[in-house]
Amino acid sequence: MKTNACVSSLAEVSLQSAKWKLKFISAYFRRKDANAALLSNFEVYQLLTDLKQQRKESGKNKQSTGQQNLNTIVYETLKYISKTPCRYQSPETVRDFLIAMKGHKLTKAEKLQLLNHRPVTAVEIQLMVEESEERLTEEQIESLLKTVTSILPGDPEEQQRDSAMVTEDKGDQM
């Protein structure tokens, strides 16, 4: 009798775990454009932040090993991704960036790289855009940099340090 109860309990926990994983996967891949397969760091950040909040609100303390492993993955991913420029982005920023990028002849993957990494130098652009030396002129690279830095927000502390350094350099030149 106890064996049947244990098997039944395991099956129930396994079923609940499977349902939760299915919900997570379906939420992860739910997009307006069903053909789009690429996610930006911002989208992943938003998804995981929302997922973490939902899990806190549900208040379930008992978790299976699979859910504990998933928690670790969510934690580590959020820890890494929160140190990237996506932390300062918004849906409007991403939309504005993609609209501005229409004028540049870049692939979806290249636009995604620019969005995720927010390059600030020509060297970074060359690393992200395949065959950039053949495809882009120096003026186009400068235009890309101007577009990226003007639309995508950077780390406010880093920007303050950079502007302080520029001010310091100008003071030294005088």
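Along every chain, residues carry numbers that run from 1 in the direction the sequence is written. Local features in this predicted model are restricted to residues whose pLDDT is 70 or higher, and side-chain atom pairs enter the listing and the counts only when it is 80 or higher, whereas totals over whole chains, interfaces and linings include all residues. As a convention, hydrogens and water are excluded, and side-chain values are obtained from all of the structure's heavy atoms.

Could you give an account of helix 3 (residues 65–81), naming the residues involved and the relevant values?
The secondary structure listing takes helices from DSSP runs of H or I that are at least 4 residues long and strands from runs of E that are at least 2 residues long, numbered from the N terminus. Between the first and last residue of a helix there are one fewer steps than residues, each counted as 1.5 Å, and that sum is the expected span. Compared with the 24 Å implied by 1.5 Å per residue over 17 residues, the 24 Å span of helix 3 between its first and last C-alpha is a close match. Categorising residues by exposure relies on relative accessible area from a 1.4 Å probe, with only protein chains included: less than 20% of the type maximum marks a residue as buried, more than 50% marks it as exposed, and the intermediate range marks it as partly exposed. Listed as buried for helix 3 are Gln67, Leu70, Val74, Leu78 and Ile81. Buried residues of helix 3, viewed axially, fall in a sector of 70°; they line one side. Counted as exposed and oriented over 90 degrees from the buried face of helix 3: Thr65, Ile73 and Tyr80. In this description, the arc belongs to the directions extending from the helix axis to the C-beta atoms.

Please set out the pattern of salt bridges residue by residue, giving values where relevant.
Each reported salt bridge corresponds to a side-chain nitrogen of Lys or Arg within 4 Å of a carboxyl oxygen of Asp or Glu. In total, this model carries 2 salt bridges according to the counting rule given. The salt bridge partner of aspartate 96 is arginine 95, with a shortest N-O separation of 3.4 Å. We classify aspartate 96 as partly exposed; its relative accessible area is 36%. The partner of arginine 135 in a salt bridge is glutamate 110, and the shortest N-O contact between them spans 2.7 Å. With arginine 135 in helix 7 (residues 132–135) and glutamate 110 in helix 5 (residues 108–117), this residue pair connects regions lying 25 residues apart in the sequence.

Tell me what's going on with helix 8 (residues 138–151), and back it up with residues and numbers.
Over its 14 residues, helix 8 extends 20 Å from the first C-alpha to the last, a length consistent with the 20 Å expected when each residue adds 1.5 Å. The complete set of buried residues in helix 8 reads Ile141, Leu144, Leu145, Thr147 and Val148. Each buried residue of helix 8 sits inside an arc of 165° when the element is viewed along its axis, so together they form one side. Residues of helix 8 that are exposed and angled more than 90 degrees away from the buried face: Glu138, Glu139, Lys146 and Ser150. For this analysis, residues touch if any pair of their heavy atoms sits within 4.5 Å. Tucked into the core, helix 8 has its buried residues touching helix 4 (91–101), helix 5 and helix 6 (122–128).

I'd like a description of the packing of helix 2 (residues 41–58) against helix 3, backed by residues and values.
A fitted line through C-alpha atoms serves as each axis, taken over the contacting stretch for helices, and the angle formed by two N-to-C directions is quoted from 0 to 180°. Where helix 2 contacts helix 3, the axes come no closer than 10 Å and their chain directions differ by 135°. With respect to helix 3, the element helix 2 is oriented oblique. Note that helix 2 runs across helix 3; the crossing there is left-handed. The residues of helix 3 that touch helix 2, namely those facing Asn41, Val44, Tyr45, Leu48, Thr49, Leu51, Lys52 and Arg55, are Gln67, Asn71, Val74, Thr77, Leu78 and Ile81. Residues are grouped as follows: nonpolar covers Ala, Val, Leu, Ile, Met, Phe, Trp, Tyr, Cys and Pro; charged covers Asp, Glu, Lys and Arg; every other residue, Gly included, is treated as polar. Across the contact of helix 2 with helix 3, the residue classes break down as 7 nonpolar, 5 polar and 2 charged. The cut-offs work like this: below 35 degrees is roughly parallel, past 145 is roughly antiparallel, 65 to 115 is roughly perpendicular, and the gaps in between are oblique. Put simply, a crossing is left-handed when the front helix is turned counterclockwise from the back one by less than a right angle, and right-handed when it is turned clockwise.

So what's going on with the environment of glutamine 89? Which residues, and what values?
Assignment of secondary structure puts glutamine 89 in the loop between helix 3 and helix 4. Judged by its relative accessible area of 7%, glutamine 89 falls in the buried class. Sequence spacing of glutamine 89 and glutamate 43 is 46 residues, and the spatial spacing of their C-alpha atoms is 9.8 Å. Apart from residues lying up to four places away in sequence, glutamine 89 is in contact with Phe42, Val94, Leu115, Leu152 and Pro153. We define a polar contact as two N or O atoms separated by no more than 3.5 Å, with the added condition that, inside protein, one atom must be a possible hydrogen donor and the other a possible acceptor, whereas residues neighbouring each other in sequence contribute only through side-chain atom pairs. Among the polar contacts listed, one links the side chain of glutamine 89 to the backbone oxygen of leucine 115, at a separation of 3.0 Å.

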